[in-house]
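Observations on chain architecture
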Amino acid sequence: MADPTGFLKFEREEPKKKSYEERLSSWGEVYADVDPGERNEKVRKQASRCMDCGIPFCHSGGSGCPLGNLIPEWNDLVRRGDWAAASDRLHATNNFPEFTGKLCPAPCEAGCVLSISPLSGGPVAIKRVEQTIADQSWEAGYVQPQVSEVSSGRRVAIVGSGPAGLAAAQQLTRAGHEVTVFERDDRLGGLLRYGIPEFKMEKKVLDRRLAQLRKEGTRFVTGCEVGVDLSVEDLRAQYDAVVLAVGALRGRDDTTTPGRELAGIHLAMEHLVPANKFVEGDGPPAIDAHGKHVLIIGGGDTGADSYGTATRQGALSVTQLDQYPMPPSARDDDRSPWPTWPYILRTYPAHEESGERKFAVAVRRFVGSDEGRVTAVELQQVRVQKDPATGRREVIPINDEVETLPADLVLLAIGFEGVEQMPLLDGLGLSLTRRGTLSCGADWQTETPGVFVCGDAHRGASLVVWAIAEGRSVANAVDTYLTGASDLPAPVHPTALPLAVV
């Protein structure tokens, strides 16, 4: 059994990062290289802090991990040094723990019982334990292709190669179906490839897992936009089922602020994608922060990714704006009680390196040169409130003071509005919901028979763990549709939502 007093013996400890100078001089991951033996010993101590609670909220789909990762079990296996068994237990619920260990914001840690009180020293560093199990699994050769011994004779097309599509593909291939993944980009991975910067996850990590999928029998076609390069008629004729894992990549724009038409103002993904292609070796990006004053509008993950990318490109300055007040440094039990996701200030490694953040401010107007390029922005302090009549969010200036900041490059990281309009949807007879997503029934099937949906295309822009969980669940639904029954796991229902205070 677990050590119920382990959290009293060992403190929460995060992995060591590289120096700021080393981080800004390369595109590599921000965490320092550590000898595997030393790394494993430190993580064994961290895993010992897990008490194996009677009700483990960390792996509850509502308050913790939607994948249902059996966290107390692999924590105890790590504590005992049984890395092979820990790898088996982790991979039983998560196809890609090396992705989630690097990219997931860890709702499991927010649901850890040790998060109830700061006197505990903080939650178990679950994300660090998960990442170390994944690293050890690859280093020790525990990760091997799992080739199906039977063939169903059924063919499945998956459109999109992000985490949801890849999870569905691996599950269905292992179930004996012939699976082909179609990707419109020149390389596989979706946002894992071109949305996530190299300093958060090096792409060799993705390529290593893709090699396993290929050896298991999954087929990949890149540079193919279904509905354009492959007609919908041919798709339906060649495949017994279709899974749409096309993401929710339609970026939200700012169409009301004066000066938006100026050159030098872009959606954040217009900056991130070419920057990632540059790291892949595709040549200089068209949008480069080198030698520029960069202003990032939006306080979320995409904004932080643009922030770190701009500093590595050699920006003169980087400023990130958020319309909301600075969140508290500790959980406010009245606003976000345990075990819900806490509303707190989140500082990413990129924020430690350079630049500054401004809260409770909004752009009054973009200022341009005679040539039509943005040169500055005018800011006002604001408060965000709901209109009592309409319920809509309003951003209200609190005074007439205006602050002017230099800005040669402005990046809008203000969220996503849903699935992009594409010929594929028209060909399948599918329309988007008011949220810009694709709806489905309890069996993950859209209104078009034999066509299923999962991931951000169904849920809207969300976390990597939800994408993988939906990919695994849709695989169960497709397997059932093709064969009448399925033993594949289905960790989430299409209507599942994380626990929240309403």
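Model, not experiment: these values are computed from the prediction. (Residues numbered from 1 in each chain as written. Predicted model: local features only at pLDDT ≥ 70, side-chain atom pairs only at ≥ 80, totals over all residues. Heavy atoms only, no water.)

The subject of this paragraph is the nonpolar core. In summary, soluble globular proteins display a tendency toward joint burial of nonpolar side chains. Residues I158 and V478 are the most contacted members of the largest nonpolar core, which totals 44 residues. Sorting the residues of this core by element identifies helix 6 (97-103), strand 1 (155-159), helix 9 (163-174), strand 2 (178-182), helix 11 (203-216), strand 4 (241-244) and helix 18 (464-483) as the ones contributing at least two each. By residue number, the principal contributor to this core is helix 18, which donates 11 residues. The residue makeup of this core includes at least three contributed by each of domain 1 (6-140) and domain 2 (155-249 + 417-483). (Core = buried A, V, L, I, M, F, W, Y, C linked by side-chain atoms within 4.5 Å. Buried < 20%, exposed > 50% of the residue type's maximum accessible area, 1.4 Å probe, protein only. Helix = DSSP H or I, 4+ residues; strand = E, 2+ residues; numbered from the N terminus. Domains from an automatic or database assignment.)

With domains assigned, the protein chain is organised as domain 1 (6-140), domain 2 (155-249 + 417-483) and domain 3 (253-414). Every contact between the two is made by 19 residues of domain 1 and, on the other side, 15 residues of domain 3. Interface of domain 1 and domain 3: buried area, both sides summed, is about 1500 Å²; carbon and sulfur atoms make up 67% of it. A per-residue breakdown of the area domain 1 buries against domain 3 is headed by L24, W27 and A110, which together make up 43% of the total. (Contact = heavy atoms within 4.5 Å. Buried area = accessible area lost by both parts, 1.4 Å probe.)

With that settled, consider helix 3 (residues 36-47). Helix length check: helix 3, at 12 residues, gives a terminal C-alpha distance of 16 Å against a target of 16 Å (1.5 Å per residue), a fit within 8%. When we look at burial in helix 3, the residues that qualify are R39, N40, V43, Q46 and A47. Projected onto a plane normal to the axis of helix 3, the buried residues spread over an arc of 120 degrees and lie on a single side. In this fold, the buried residues of helix 3 make contact with helix 4 (71-79), helix 5 (83-91) and helix 8 (126-139). For helix 3, the capping residue at the N-terminal end is D35, with a side-chain oxygen 3.0 Å from the backbone nitrogen of G37. (Expected span 1.5 Å × (residues − 1). Arc of directions from axis to C-beta. Polar contact = N/O pair within 3.5 Å; in protein donor to acceptor, adjacent residues only side chain to side chain.)

On to the pairing of strand 14 (residues 409-412). Burial along strand 14 is two-sided: L409 and L411 facing one way and V410 and L412 facing the other are all buried. Of the pairings in the sheet, the one linking strand 6 (residues 265-267) to strand 14 comprises three bridges and is parallel in character. Bridged to L267 within strand 14 is L412. Across four bridges, strand 7 (residues 293-297) lies against strand 14 in parallel orientation. Paired with L295 across the strands is V410, a residue of strand 14. (Pairing = 2+ DSSP bridges.)

So, about the environment of K18. Of note, K18 is situated in the loop between helix 1 (6-9) and helix 2 (20-24). Look at K18 and you get buried, because its relative accessible area is 15%. Taking C-alpha positions, K18 is 37 Å from T218, a pair spaced 200 residues apart along the chain. Setting aside residues no more than four positions away along its own chain, K18 makes contact with R23, G28, E29, V30, Y31 and A32.

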